[in-house]
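# What the coordinates show
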Amino acid sequence: MRNVKRLWGVIIAMAICILVLASLLISHAINQSEPRQSPEPEQQGENKNTRVVAKIGNQEITMSELESALARHYGPEQLSQMLDREVIRLEGNESGTKVASAEINRELKRMQQGYESEGQFYDSMQSQLGLSEQEIQEDVANKLLLEKLATASIHITDTQVDTYIKTHADEFEQGTEYNIGQIIVSTKEQATKVIAELAKGVSFVTLARDRSIDDATHNTGGDLGWIEGDDPFVEGSILEAAKLMKVGEVSKPIPVSQGFAVILLKNKRDQENPDMAFIRESVRKELALQEAPPLKEFVVQLRVKWKVSVLDPTLR
């Protein structure tokens, strides 16, 4: 199983520059299409495109230069994303293929694994990545629609589903989740000092913020959130130590790639019993996707069908 919290963050972070570009280009296009009005006296001579947005000493960077750089570096990717979404929408409308709200909500629940709550998930996406709840839901709806379209003609039998579940039983076992805090330091001596200070009553969160060298967690007081016992994003030595600890216990120094870790087992819980109907549906979809053409190739086919053409050579 994967740590969906971190993986989703990595994927969404790649979209941020594209979103920024989209807003700038759309704003620019709107301004270009609006009738020009006589400027107010105090605005005489001021032009949006020549507006200075930054300075380096005496050197100025204008909005026009910024937009040109964004278009040059991210324009093709943003345009491609817009075209892909549109051909997927058109194909869905023509075939009558729809994604139900329940399907979107179920996928969102899957993405929220590793977060304390739904609210924390959306707050994190908004504060860290600037993505609204609506933007995330739109991305999910587009992804699910694409998968439905790509697998529409593929039939997976119950026998195929049963065989997969039987041969991959370990993927569906009920496991334990751990809520862990970590402090990463360079040497074993530093780790021992951290343990001594914790024994004196110094806050774990404070020490994590002040001492931990792990960029991903020190600002949050070392919090790793809820993680599974086989989480590939957490070092095995930390997971193995957590499995042997009691709630509230602090570990001994644990060797890790960055040096040594001191962990606090905040809590642990058994995962919910798996919903077999949902598991079978997920397996059926995964097997269908394996038989379907790669999604990128399928989207290329849709572009051909809907006669997509990029007119500006700089955006091809």
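Structure: see above.
Residues numbered from 1 in each chain as written. Predicted model: local features only at pLDDT ≥ 70, side-chain atom pairs only at ≥ 80, totals over all residues. Heavy atoms only, no water.

### Focus: the overall build of the chain
When its secondary structure is counted, the chain shows eleven helices and six strands. For the chain, the residues scored as buried account for 32% of the 316 residues in total. Taking all contacts inside the chain whose residues are at least 6 apart in sequence as the whole, residues at least 24 apart take part in 70%. Total accessible area on the chain stands at roughly 19600 Å², and carbon and sulfur atoms take up 53% of it. (Helix = DSSP H or I, 4+ residues; strand = E, 2+ residues; numbered from the N terminus. Buried < 20%, exposed > 50% of the residue type's maximum accessible area, 1.4 Å probe, protein only. Contact = heavy atoms within 4.5 Å. Areas by Shrake-Rupley, 256 points an atom, 1.4 Å probe, with all protein chains shown as cover.)

### Brief notes about the sheet that holds strand 3 (residues 176-185)
Strand order in this open sheet of four strands is 4-3-6-5, and the pairing throughout is antiparallel. Each end of this open sheet is capped by a strand with a single partner; those strands are strand 4 (223-228) and strand 5 (254-256). Neighbour-to-neighbour, the strand axes of this sheet turn through a mean angle of 45°, independent of strand direction. Pairing of strand 3 with strand 6 (residues 259-270) involves ten bridges; the strand directions are antiparallel. What sits directly across from Val185, in strand 6, is Phe260. Those strands touched by helix 8 (residues 204-211) are strand 3 and strand 6, and its axis lies near 50° from that of strand 3. Lying on the sheet, helix 9 (residues 236-243) is in contact with strand 3, strand 4, strand 5 and strand 6; it crosses strand 5 at an angle near 155°. (Pairing = 2+ DSSP bridges. Axes fitted to C-alpha atoms, helices over the stretch in contact; angles between N-to-C directions.)

### What to know about the side chain of Glu107
As for its position among the elements, Glu107 is in helix 3 (residues 101-111). Not counting residues up to four positions away in its chain, the partners in contact with Glu107 are Val140, Lys143 and Leu144.

### Quick look at the environment of Gln258
Turning to its location among the elements, Gln258 is positioned in the loop between strand 5 and strand 6. Owing to a relative accessible area of 37%, Gln258 belongs among the partly exposed residues under this scheme. When the C-alpha atoms of Gln258 and Ile184 are compared, they prove to be 7.2 Å apart, with 74 residues separating the residues in sequence. Apart from residues no more than four positions distant in its own chain, Gln258 is found in contact with Ile184, Val185, Ser186, Ile213, Asp214 and Glu235.

### Considerations on the packing of helix 2 (residues 63-95) against helix 5 (residues 133-150)
It is the contact of helix 2 with helix 5, at a shortest axis distance of 10 Å, that shows an interaxial angle of 55°. Relative to helix 5, the element helix 2 is oriented oblique. Seen along the crossing, helix 2 lies across helix 5 with a hand that is left-handed. Side by side, helix 2 and helix 5 meet where Arg85, Ile88, Arg89, Glu91, Gly92 and Ser95 of the first sit next to Glu138, Asp139, Asn142, Leu145, Leu146 and Leu149 of the second. Split into classes, the residues belonging to the contact of helix 2 with helix 5 amount to four nonpolar, three polar and five charged. (Parallel < 35°, antiparallel > 145°, perpendicular 65-115°, else oblique. Left-handed = near helix turned anticlockwise from the far one by under 90°. Nonpolar A, V, L, I, M, F, W, Y, C, P; charged D, E, K, R; others polar.)

### Examining the environment of Gly181
Following the sequence through the fold, Gly181 ends up in strand 3. Residue class for Gly181 comes out buried when judged on its relative accessible area of 0%. The spatial distance from the C-alpha of Gly181 to the C-alpha of Thr220 is 9.4 Å, given a sequence separation of 39 residues. Apart from residues no more than four positions distant in its own chain, Gly181 is found in contact with Phe204, Gly222, Asp223, Val262, Ile263, Leu264 and Lys266.

### Quick look at the packing of helix 4 (residues 118-129) against helix 5
Any two packed helices are characterised by how steeply their axes cross, that is the angle between the axes, and by the distance between the axes. Between helix 4 and helix 5, the shortest axis-to-axis distance is 9 Å and the interhelical angle comes to 100°. The orientation of helix 4 relative to helix 5 falls into the category roughly perpendicular. Counting all contacts with helix 4, which are made through Phe121, Tyr122 and Met125, the residues of helix 5 involved are Glu133, Ile136 and Gln137. Per-class residue counts for the contact of helix 4 with helix 5 are four nonpolar, one polar and one charged.

### Overview of the pattern of salt bridges
Per the stated rule, a full pass over the model turns up 20 salt bridges. Across the pair Lys109 and Glu118 runs a salt bridge whose closest N-O atoms are separated by 3.9 Å. Between Arg280 and Asp162 there is a salt bridge, with the nearest N and O atoms lying 2.5 Å from each other. Of this pair, Arg280 sits in helix 10 (residues 276-291) while Asp162 sits in helix 6 (residues 158-167), and the two are 118 residues apart along the sequence. (Salt bridge = Lys/Arg side-chain N within 4 Å of Asp/Glu carboxyl O.)

### Topic: the side chain of Glu177
Along the chain, Glu177 falls in strand 3. The residues touching Glu177, leaving out its near neighbours within four places in the chain, are Trp226, Ile227, Glu228, Asn267, Lys268, Arg269 and Gln271.

### Some words on the nonpolar core
Counting 16 residues, the largest nonpolar core has Ile180, Ile227, Ile238, Ala261 and Ile263 as the members making the most contacts within it. Mapped by element, the contributors of at least two residues to this core are strand 3, strand 4, helix 9, strand 5 and strand 6. A total of four residues in this core trace back to one element, the largest contributor, which is helix 9. Excluding anything up to four places from it in sequence, Ile180 contacts Gly222, Asp223, Leu224, Gly225, Ile227, Ile238, Ala242, Ile263, Leu264, Leu265 and Lys266. Judged by nonpolar contacts, the second largest core, of twelve residues, contains Phe121, Leu129, Leu131 and Leu144. (Core = buried A, V, L, I, M, F, W, Y, C linked by side-chain atoms within 4.5 Å.)

This is a description of form; function is not addressed.
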